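The residues making up each chain are set out below.
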Amino acid sequence: MPELPEVETIRRHLAPRLEDRRIDALAVHDPRWCLPLVPAALSDACAGRRIERLERRGKYLVTGLEGDVFLLMHLRMTGTLLYDAAPDASYRRVTFGLDDGHELAFCDPRRFGTGELCLGPEALEAFLAVRLGIEPLGGALTGSTLRALARGRRGPIKAFLLDQRHVAGVGNIYADEALHRAGVHPLRPAGSLRPGQYAALAQAVTAALLAGLDAGGATIDDFRHPDGVAGGFQHEFLVHRRAGEPCVTCQTTIVKFVVGGRGTYACECCQPRPRAWGGRPRGA
Ligand SMILES: [Zn+2]
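Residues numbered from 1 in each chain as written. Predicted model: local features only at pLDDT ≥ 70, side-chain atom pairs only at ≥ 80, totals over all residues. Heavy atoms only, no water.

> Report on the coordination of the zinc ion, specifying residues and quantitative values.
Reference geometry at the metal: tetrahedral coordination by four donors gives ideal angles of 109.5 degrees; octahedral coordination by six donors gives 90 or 180 degrees. Taken together, the protein donors to the zinc ion comprise C247 (SG), C250 (SG), C267 (SG) and C270 (SG), at separations of 2.2 to 2.4 Å. Around the zinc ion sit four donor atoms; with metal-centred angles ranging over 96 to 116°, the donor geometry is tetrahedral. Mapped onto the polypeptide sequence, the residues donating to the zinc ion form the spacing pattern C-x2-C-x16-C-x2-C. Of this pair, C247 sits in the loop between helix 7 (195-214) and strand 9 (255-259) while C270 sits in the segment after strand 10 (262-266); the two residues are 23 residues apart in sequence, bridging distant segments of the chain. C247 sits in the buried class, given a relative accessible area of 0%. (Donors = N, O, S within 2.8 Å, 3.2 Å for Na, K, Ca; no water. Tetrahedral: all angles 85-135°; square planar, octahedral: opposite > 155°, others 65-115°. Helix = DSSP H or I, 4+ residues; strand = E, 2+ residues; numbered from the N terminus. Buried < 20%, exposed > 50% of the residue type's maximum accessible area, 1.4 Å probe, protein only.)

> How would you sum up the sheet that holds strand 6 (residues 92-98)? Please name residues and give values.
Working definition: the strands of a sheet are paired by backbone hydrogen bonds and lie parallel or antiparallel to each other. One open sheet holds the four strands; their spatial order is 1-6-7-5, and the pairing between them is antiparallel. The open sheet has two edge strands with one neighbour each: strand 1 (23-28) and strand 5 (80-83). Pairwise comparison of adjacent strand axes, ignoring direction, gives a mean angle of 15° for this sheet. Strand direction decides the pairing type here: strand 1 and strand 6, joined by five bridges, are antiparallel. Across the sheet, residue A27 finds its bridge partner in strand 6, namely T95. Here helix 1 (residues 4-18) sits on the sheet in contact with strand 5, strand 6 and strand 7 (103-107), set at roughly 40° to strand 5. (Pairing = 2+ DSSP bridges. Axes fitted to C-alpha atoms, helices over the stretch in contact; angles between N-to-C directions. Contact = heavy atoms within 4.5 Å.)

> Please provide a residue-by-residue account of the side chain of Q197, values included.
One can find Q197 in helix 7. What Q197 contacts, discounting residues up to four positions off in sequence, is V184 and R188.

> Quick rundown of the pairing of strand 9? Include the residues and the values.
Across five bridges, the pairing between strand 9 and strand 10 is antiparallel. Of the residues in strand 10, the one forming a bridge with V255 is A266. Counting the residues in the hairpin turn of strand 9 and strand 10 gives two residues, including G260, whose phi is positive at 55°.

Here you go:
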């Protein structure tokens, strides 16, 4: 699933190609993409408008159109945006025709991706406010903000990180990588870290996301850059998807277990398992 670095990689690639272009036509081939809006309502609201800005909030791509119309796209599990894709590109759900003759396609084999419309900046902020917490690359993610958000929470720290209402944009890959960098076990109750560990984790989340961004994102399923090129961060994973391999720091074998229904990877030497949980990793 594309996370913040993958979505930001797409945004950086597309922004210079889309900004100041006009959407001549927007064809929604799969009505499920924009539910509860019907495709014609979405097309009518966007077609003929100039794209002023392509921004990102959490894992949402926010297309700011003239007249304060905002089209929000979420890639979910397998969505990809391709610039000038082959006409027969598979799993095409939406096609944008631009006024310079170029084309943008939203392709998505599993069809969980979405397009939503917000009319006016207040509607946009209200939409995002209930869905997204701290934007981790905006400088607001610190040990003390993380500690305040986690206070009193007994659920696992990994599940806490995956909740977009706490830290926006972190998913399964970057949660595993950040917890490893911070030396925090994924099953530690979120509210139980020491102050220094919240600070380390805040730094580790930022560092893991920036490393992912530097590598052009991770391609483990369908994620592609808009020109079809794969990201390379999957070759730099410290723990994610490395079960049975040695930890790069201490050589201990990395283990896999399940936290909140998600496959989770850790080095239990660098990331000591909380005592209350004890025993062997579950689901290993
Ligand atoms: Zn280790």
